[in-house]
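# Structural description and commentary
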Amino acid sequence: MGLFELFLIAVGLSMDAFAVSVCKGLATKQVGASNMLCVGLWFGVFQALMPLIGYFLGLNFQSMIESVDHWIAFLLLAAIGAGMIVESRKMEPEDACYGAKAMFPLAVATSIDALAVGISFAVLDVDIVFSVVSIGVCTFFISASGLKIGSVFGSKFKSKAEVAGGIILILIGLKILFEHLGIIRL
């Protein structure tokens with residue numbers, strides 16, 4: 001696998017994290033460098049860790065992982081999205097939470113597809129260390145940027161943006177579920 005292919009994989013894997021980062025930015029009154037660092041690290045580390053785990057699991061467990069990964073991603077994203085919609089109904093919206101309790105399920109949900117990529121890496125001729133570092137760094141920058149982009153739009157639209165962010169998370173979860181069930185191909 002060449003650098004260009006690896007770059008495309010890294011960007012592709014980071015798109016879910018980007019969308020979720022935009023949603024978090026929509027719910028944040030003011031995004032600072034520490035928020036961007038936090039989101040970038042959570043998503044970047046998990047996007048790098050999952051292919052590494054997948055690589056070591058190899059093809060022996062591919063059917064087990066593929067049979068449930070879409071359900072896990074869907075349920076996590078749908079629950080988080082529904083929570084955002086409920087939070088938008090509060091009279092005084094609070095800043096989005098950046099602690100482990102909020103970030104861990106988001107990082108897991110957006111990186112499950114990277115686990116499957118790691119399994120495919122096990123049968124390809126790849127430098128796994130370079131590959132996972134590249135995926136992690138790419139995701140770090142894309143998610144940190146997504147957070148800032150979401151914040152710019154969120155400060156103008158407040159609770160409506162949080163509802164939109166929740167709906168987007170639910171739709172991402174449905175997209176993952178429908179793709180794995182073969183209902184749609186995107």
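Residues numbered from 1 in each chain as written. Predicted model: local features only at pLDDT ≥ 70, side-chain atom pairs only at ≥ 80, totals over all residues. Heavy atoms only, no water.

We now examine the overall build of the chain. The helix and strand tally for the chain stands at five helices and zero strands. Listing each helix as α and each strand as β along the chain from the N terminus yields α-α-α-α-α. Going through the 186 residues of the chain one by one, you find that 46% of them count as buried. Considering only contacts in the chain between residues 6 or more positions apart, those separated by 24 or more positions represent 93%. (Helix = DSSP H or I, 4+ residues; strand = E, 2+ residues; numbered from the N terminus. Buried < 20%, exposed > 50% of the residue type's maximum accessible area, 1.4 Å probe, protein only. Contact = heavy atoms within 4.5 Å.)

Another aspect to go through is the layout of surface pockets. Computed from the structure, the second largest pocket encloses a volume of approximately 180 Å³. A total of four residues in the lining of the second largest pocket trace back to one element, the largest contributor, which is helix H5 (residues 128–181). Classifying every residue of the lining of the second largest pocket by side-chain character gives two nonpolar, two polar and four charged. (1 Å grid on protein atoms, 1.4 Å probe; cavity = no way out; pocket = protein on both sides within 12 Å on 5 of 7 lines; lining within 4 Å. Points joined across faces, edges and corners; volume = space filled by probe spheres on them. Nonpolar A, V, L, I, M, F, W, Y, C, P; charged D, E, K, R; others polar.)

Here we come to the nonpolar core. Among the nonpolar cores identified, the biggest contains 29 residues, and Val-39, Phe-43, Tyr-98, Met-103 and Phe-121 are the most heavily contacted of them. Looking at which element gives the most residues to this core, the answer is helix H4 (residues 100–121), with nine residues. (Core = buried A, V, L, I, M, F, W, Y, C linked by side-chain atoms within 4.5 Å.)

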